[in-house]
Structures are given as structure tokens and as C-alpha cells.
Amino acid sequence: MARKGLLITPDLCIGCRACQVACKSWNDLPAEKTKNNGTHENPPDLTGYTYNKIRFIEKVVNGEVRWIFVSQRCRHCGEPACVQVCPVGAMQKDLDTGIVFYDKNVCIGCQACRSACPFDVPRYDKQGKIGKCHMCIDRVKAGLVPACAKTCPTGAIRFGDRDELIEKAKAEGFKILHGEKELGGLGVVFALSQPPSYYELVENPQKPEKVVALGEMLKILVAKGLPIENSIIKEFLS
Amino acid sequence: MSMKLTRRDFLKLSIGSLVLSSLGINLEPVKAYAKELKIKEAKETTTICPYCSVGCGIIVYSKGGKVVNTEGDPDHPINEGSLCPKGASLYQLANNPYRVLKPLYRAPYSDKWKEVSWDWALDRIAKLVKQTRDKYFMVKNEKGQVVNRVEAIAHVGSAALDNEECYILQKFLRALGLVYIEHQARI
């Protein structure tokens with residue numbers, strides 16, 4: 001199986017959020033209490049029960065209001081810092097498909113992955129265990145399309161072999177492919193008609209330099225049975 | 001062809017892995033992904049989305065009579081597998097702790113809902129419809145033209161009905177003599 005990917009084209013997104021619903025439906029994720037934040041964006045943030053969220057960005061460009069819809073989710077890095085930092089091997093990268101997935105039963109909830117993530121994606125459920133987009137690895141391994149890409153009515157989320165998707169986006173005339181080269185090539189690539197900053201995407205994402213060393217240190221802590229405080233992680237990375 | 005691991009090879013390997021681990025490279029074997037697909041061996045039934053008149057095709061996956069998943073039907077010409085957020089939430093139509101399973105009745109001047117049986121509710125509706133129709137059925141209008149209609153009952157709904165249900169409903173309402181037949185999408 002070649003490396004799989006999602007090609008997201010914000011310009012095609014109509015903000016219907018069928019992907020959010022399909023994600024929750026497939027992964028049996030409960031609804032959460034929310035509140036009106038003055039925008040149509042809902043829920044307010046990614047959580048351990050919300051793996052995929054459409055951001056509703058309002059901008060004034062040349063005196064005109066623009067409403068931009070951008071998917072916020074795990075980008076499935078080519079060199080995932082979260083996998084390198086995880087002291088118990090709960091976070092895994094699938095060699096076959098390049099998908100970054102996880103095992104909740106192994107997770108100890110140290111939250112090092114969120115600190116290491118260049119996109120601030122990992123979140124935790126009520127038990128403190130990791131919950132994030134796993135590109136529906138169960139479906140992909142069975143030859144199916146991830147729930148979000150399957151349901152998307154406009155083709156703003158497309159799934160396939162990563163190389164083919166990138167080629168397709170280039171053939172369609174997209175000059176900016178956010179995630180094509182960044183961090184070893186991201187599994188989730190955005191096809192953009194404007195610079196990434198226009199879509200409020202992280203420009204030049206970098207993983208923390210000491211991420212491998214941090215992983216080793218956390219492993220020693222776990223081996224010795226010492227608790228991992230988030231403050232230690234923050235201090236180490238700063 | 002079988003390969004034999006010599007003592008020398010073995011030593012090289014173990015020293016090599018020691019060096020590698022000191023460099024901080026993860027040598028743990030990659031775990032095989034082993035979660036079973038929840039729709040494996042589930043029964044597939046095709047249906048049409050009940051929400052709007054677009055009529056998207058949906059596959060309902062069930063196991064032992066319980067719905068385990070719903071998703072767009074890729075072979076359906078209308079939606080080719082895609083769905084809108086309402087259609088994508090169809091699973092909850094069957095699996096939902098908040099689903100109302102019995103008719104609720106609020107008596108005149110009461111401030112409470114009461115669970116009633118289907119038989120009781122349908123009988124009451126039928127009785128009241130008959131009563132109102134008998135009282136207000138109009139054979140002729142003011143000009144003496146034959147109209148055979150009931151102006152005292154109106155009908156509203158329903159976007160959630162399919163074509164065939166709408167046809168039967170329309171027949172039924174016209175037979176009663178209703179003229180105020182409306183659909184919420186137009187209000």
C-alpha cells in the first residue's frame with residue numbers, strides 16, 4: 001500500500017460540516033456541550049471527542065467580507081514528533097500508509113504529544129487518553145475511504161495515494177501545496193490559491209529540536225515509574 | 001531457501017542495535033494494526049435519506065437487527081457516496097437515547113405531556129377529524145357551486161416523507177376534502 005493522504009481544498013469547502021458529523025458517527029464519538037461564540041464555528045475547539053473541525057475564518061479583503069473554511073485536524077506528518085516523543089509507544093506511525101494512529105489502551109496521558117506537535121492537534125478524552133484524527137485507519141486498511149472524505153459533497157476532502165493527489169492538485173493549477181514538503185511531507189496536504197497565512201495555517205511548521213531527547217528522557221521516567229508532569233515537558237522544550 | 005544466523009552475525013546485530021538505541025532511534029517493532037472493522041460481515045440495506053427532496057442513497061449496515069453504521073451509497077446516481085451533515089447523522093435516527101418511542105399527549109389546558117398508546121392516539125385523531133369534518137363539510141359555496149371541501153382542517157408537512165408517502169398522504173387529504181395542504185419548506 002502506497003503512502004495515503006488527504007487533499008484538502010479550502011476553496012471548495014462550503015462549511016457544511018458533514019465531515020465533522022461523519023467523523024463522529026463512524027468513530028462513535030459523543031456530542032459535547034458547546035456555546036455560541038459569535039461565529040458559525042462549532043464546536044469551539046478540537047477535543048478528545050472531536051477529531052476534525054472546520055474553522056470558519058472571517059476576513060475583510062479589499063473591503064469585501066470573505067468567509068474561509070479550513071479543516072483543523074492531525075496532519076499525519078512524515079516525521080511525526082508525537083511518535084518520537086511518546087514514551088510508551090501509544091502513538092504509532094503506520095509504515096504501510098504513513099497514517100499516525102494510536103492505542104488508547106497504551107496511552108498514559110502524559111500529554112507530551114500535544115507539546116511536541118507543531119500544529120497543536122492532540123487532545124485528550126475524559127479519561128485523559130489521547131484522541132485525534134487517525135485518518136480512519138480501520139477503514140483504510142479495509143480498502144475503504146475515510147469517513148470525512150467519503151461524505152464530503154463538494155470534493156473539498158479527497159483521499160488517495162499521496163503522490164497521486166499531489167499530482168492531481170498540481171494539474172488542477174494549484175501552486176501552493178501546504179504540506180507537500182513540510183516535516184517530511186504531511187499526509188494531509190492543503191491545495192491553496194492564496195498563501196497559507198490567508199487560511200491561518202502554520203507557515204513553515206517546525207518540530208521542537210529536542211524532541212527525540214525528550215522522548216528518551218520520558219522513557220526513562222516511565223521505566224522508573226516516575227510521574228510525568230507537563231511542566232517538565234514544557235521546561236525541557238523551552 | 002533458509003538463512004542461517006551465525007554466531008558472528010548475531011554478535012554484529014546485537015552490537016548494532018545497542019549502538020542504534022543509544023542514538024535514540026526507536027527499535028520497537030511496529031505494532032500491527034488489529035482493530036476489527038465495525039461493519040465487517042454486517043448486512044447492507046440500501047435506503048433513501050428521509051430528510052429532503054434531493055433523495056440521496058444511503059447504505060444501512062446492521063448486525064443482528066441493530067443498525068451499526070450508515071453512510072452514503074457510492075453506487076447511487078444522486079449523491080455517489082457523499083452526504084450532507086443531516087444525512088451523515090442518519091445513524092442517530094435509530095440509535096439515540098433521546099428518541100421518542102411513544103406518542104405524547106397534552107390534554108386541553110394541561111401543562112404536561114403524557115405517554116399514550118398508539119391505538120389511543122390514532123383513535124382520538126380519527127374521532128376528532130371525523131367530528132370536525134362532519135361539522136364543517138361544505139358541499140356548495142356561497143355562489144351555489146359544488147365544492148365538496150373542508151376549510152376547518154389544515155395540513156402542514158412533511159419534508160421528511162418520501163415520494164410514495166407523499167402520494168398516499170395527498171390522496172387521503174384530498175379525499176377528506178382538505179384544501180389547505182401546505183409544506184413547511186414553503187412557509
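Residues numbered from 1 in each chain as written. Chains lettered and ligands numbered in written order. Predicted model: local features only at pLDDT ≥ 70, side-chain atom pairs only at ≥ 80, totals over all residues.

Which residues make up the overall build of chain A, and what values do they have?
The helix and strand inventory of chain A stands at eight helices and ten strands. Its C-alpha atoms give chain A a radius of gyration of 18 Å, within 12% of the compact-globule value 18 Å for 238 residues. Along the longest, intermediate and shortest principal axes, the C-alpha atoms of chain A span 55 × 40 × 35 Å. Out of the 238 residues belonging to chain A, those deemed buried represent 46%. A sequence separation of at least 24 residues applies to 61% of the contacts in chain A between residues at least 6 apart. (Helix = DSSP H or I, 4+ residues; strand = E, 2+ residues; numbered from the N terminus. Rg over C-alpha atoms; globule rule 2.2 N^0.38 Å. Buried ≥ 20, exposed ≤ 12 C-beta atoms within 10 Å, placed from the backbone. Contact = placed C-beta atoms within 7 Å.)

Quick rundown of the sheet that holds strand β10 (residues 188-192) of chain A? Include the residues and the values.
All names here are of chain A. Pairing is mixed across the open sheet formed by four strands, whose spatial order is β8-β1-β10-β9. Of all strands in the sheet, those bounded by a partner on one side alone are β8 (157-161) and β9 (176-178). In this sheet, adjacent strand axes meet at a mean angle of 25° when their direction is disregarded. Along the sheet, helix α6 (residues 162-171) makes contact with β1 (4-8), β8, β9 and β10, crossing β8 at roughly 125°. (Pairing = 2+ DSSP bridges. Axes fitted to C-alpha atoms, helices over the stretch in contact; angles between N-to-C directions.)

An account of the sheet that holds strand β7 (residues 146-156) of chain B is requested, with residue identities and associated values reported.
Residues and elements named next belong to chain B. Spatially, three strands are ordered β6-β7-β8 in an open sheet, and the strand pairing comes out mixed. Each edge of the sheet is formed by a strand with only one pairing partner; in this case those strands are β6 (138-140) and β8 (178-182). Going across the sheet, the axis of each strand differs from the next one's by a mean of 30°, ignoring polarity. By the bridge criterion, two bridges tie β6 to β7 in an arrangement that is antiparallel. Note that in β7 the partner of K140 across the bridge is V146. Contacts between helix α4 (residues 118-136) and the sheet are confined to β6 and β7, with β7 contributing the most and set at about 145° to the helix.

Help me get a handle on the domain arrangement of chain B, residues and values and all.
Taken domain by domain, chain B comprises domain 1 (43-94), domain 2 (100-128) and domain 3 (137-187). A separation of 31 Å is found between the C-alpha centroids of domain 1 of chain B and domain 2 of chain B. (Domains from an automatic or database assignment.)

Can you break down the interface of chain A and chain B residue by residue, with the values?
Counting residues at the interface gives 24 residues for chain A and 18 residues for chain B. Mapped onto the side of chain A that touches chain B, the elements with two or more residues apiece are α1 (18-26), α4 (137-141), α5 (147-151) and α7 (211-223) of chain A. For the side of chain A that touches chain B, the element with the most residues is α1(A), which contributes five residues. Tallied by class, residues from the side of chain A that touches chain B come to 13 nonpolar, four polar and seven charged. (Nonpolar A, V, L, I, M, F, W, Y, C, P; charged D, E, K, R; others polar.)

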